[in-house]
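# Close look at the chain arrangement
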Amino acid sequence: MPQHPRYAIYFVPSAQNALYRFGADLLGYDAYSGKPLPFADGIETEIKGWRKLTVDPRKYGFHATLKAPINLRSGKTEDELAGALQEFARAPRAIPRIAPVVRAIGSFIAVVPRDHCPDLQQLAAECVTAFDDFRAPLTPEDRERRNISALTDGQVMHLDRWGYPYVFEDFRFHMTLTGSLPSEQRTVVLSILQKRFAALNLQSVSVDRLALLRQSDATSNFTILSDWPLVVA
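The sections below set out a description of the structure shown in this document. Model, not experiment: these values are computed from the prediction. (Residues numbered from 1 in each chain as written. Predicted model: local features only at pLDDT ≥ 70, side-chain atom pairs only at ≥ 80, totals over all residues. Heavy atoms only, no water.)

## Some thoughts on the overall build of the chain
Keep this limit in mind: Secondary structure counts use DSSP, requiring at least four H or I residues in a row for a helix and at least two E residues in a row for a strand, with both numbered from the N terminus. With C-alpha atoms as the basis for the radius of gyration, the globule rule is written as 2.2 Å multiplied by the number of residues raised to the power 0.38. Each residue's exposure class comes from its accessible area (1.4 Å probe, protein chains only) as a fraction of the maximum for that residue type: buried when under 20%, exposed when over 50%, partly exposed otherwise. Any two residues whose heavy atoms approach within 4.5 Å at even a single point are treated as in contact. Surface accessibility in these figures is a Shrake-Rupley result with a 1.4 Å probe; residues are shielded only by whichever protein chains are displayed.
A count of helical and extended segments in the chain gives 9 helices and 11 strands. A compact globule built from 233 residues should have a C-alpha radius of gyration of about 17 Å, and the chain, at 17 Å, falls within 12% of that. Projected onto its principal axes, the C-alpha coordinates of the chain cover approximately 50 × 40 × 35 Å. Taking all 233 residues of the chain together, the buried fraction comes to 46%. For the chain, long-range pairs separated by at least 24 residues make up 72% of all intrachain contacts whose partners lie at least 6 apart in sequence. Counting every atom, the chain has about 11700 Å² of accessible surface; 50% of that belongs to carbon and sulfur.

Structure follows, in structure tokens:
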């Protein structure tokens, strides 16, 4: 099992942002306060077993991963990581903008970009490399948990070098709304979530801030320690 605490760098919309409220209410958890939320109105009636279907994403809060959860390398501190992230956010850059849609990714459902976004791929790649000095080396047990046989050769190389297989060309921006769904349920759930999302009428989303989150122990959810807006070039 992973050691704790663990830290992650995510894109999380601001607390009152319509996209954030949509996702947090569906998951029943607010990563800003670290407290449970009532589920979105009517969702438990529309989708049988909704609480169980969202157990896994609830632990992480509504987010998009930019630097996957890590343990801190010996000699590194939480304050140093926060300081490095603050400095990173201050560097002027192109702010990625996406047209968000709700789609199935394998067996789960998420908010994803409608189209490929080079600026977003660049931001994610920079987050992987810029903070890797803070990452403790991958343990053999952590490596084994990744089900190596299901990964491509390139993903195994990423795992061994960066501690996570889905980086660079294998990175796919997604903001998870469900855990793994049985195939017979997936189409129905996707249709319901797409209709709810369409009601927001969100034409675009700026990936314009970074958040540092911590999971204190194996039973706790990730909570936001601090977040910073990105600076426009």
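## Thoughts on the layout of surface pockets
Here is the rule: Computed over the protein atoms alone on a 1 Å grid, cavities are sets of points where a 1.4 Å probe fits but cannot get out and pockets are open sets with protein on both sides within 12 Å along at least five of seven lines; a residue lines them when it has an atom within 4 Å of a point. Grid points are joined across faces, edges and corners, and a volume is the space filled by probe spheres set on the points. Under the convention adopted here, Pro, Cys and the residues Ala, Val, Leu, Ile, Met, Phe, Trp and Tyr are nonpolar, Asp, Glu, Lys and Arg are charged, and Gly plus all remaining residues are polar.
Its boundaries defined by the atoms lining it, the second largest pocket holds a volume of some 210 Å³. What lines the second largest pocket is a set of 14 residues, and nearest its centre among them are Val112, Pro113, Asp115, Arg172 and Phe173. Of all the elements in the fold, those that place two or more residues in the lining of the second largest pocket are strand S6 (100-105), strand S7 (108-113) and helix H6 (118-130). Top contributing element to the lining of the second largest pocket by residue count: S6, with 3 residues. Here the lining of the second largest pocket is composed, by residue class, of 8 nonpolar, 2 polar and 4 charged.

## So, the packing of aromatic side chains
Stated precisely, the cut-off is as follows: Only rings of Phe, Tyr and Trp enter the pairing, Trp through its six-membered ring, and a pair is recorded when the two centres are within 6.5 Å. The plane angle decides the type: under 30 degrees is stacked, over 60 is edge-to-face, the rest tilted.
This structure, assessed with the given rule, holds 8 aromatic pairs. For the pair Tyr164 and Tyr166, a centre-to-centre distance of 5.7 Å together with 85 degrees between the ring planes defines the contact as edge-to-face. Tyr166 gets classed as partly exposed once you look at its relative accessible area, which sits at 35%. Here the aromatic residues Tyr10, Tyr60 and Phe222 are joined through ring pairs into a cluster of three or more.

## Examining the pairing of S6
Filter applied, for reference: Two strands are counted as paired when DSSP detects at least two bridges linking them.
Taken together, the 6 bridges between S6 and S7 define a ladder with antiparallel strand orientation. Bridge assignment links Ile105 to a residue of S7, and that residue is Phe108. Two successive antiparallel strands, S6 and S7, enclose a turn made up of 2 residues, where Gly106 displays a positive phi of approximately 60 degrees.

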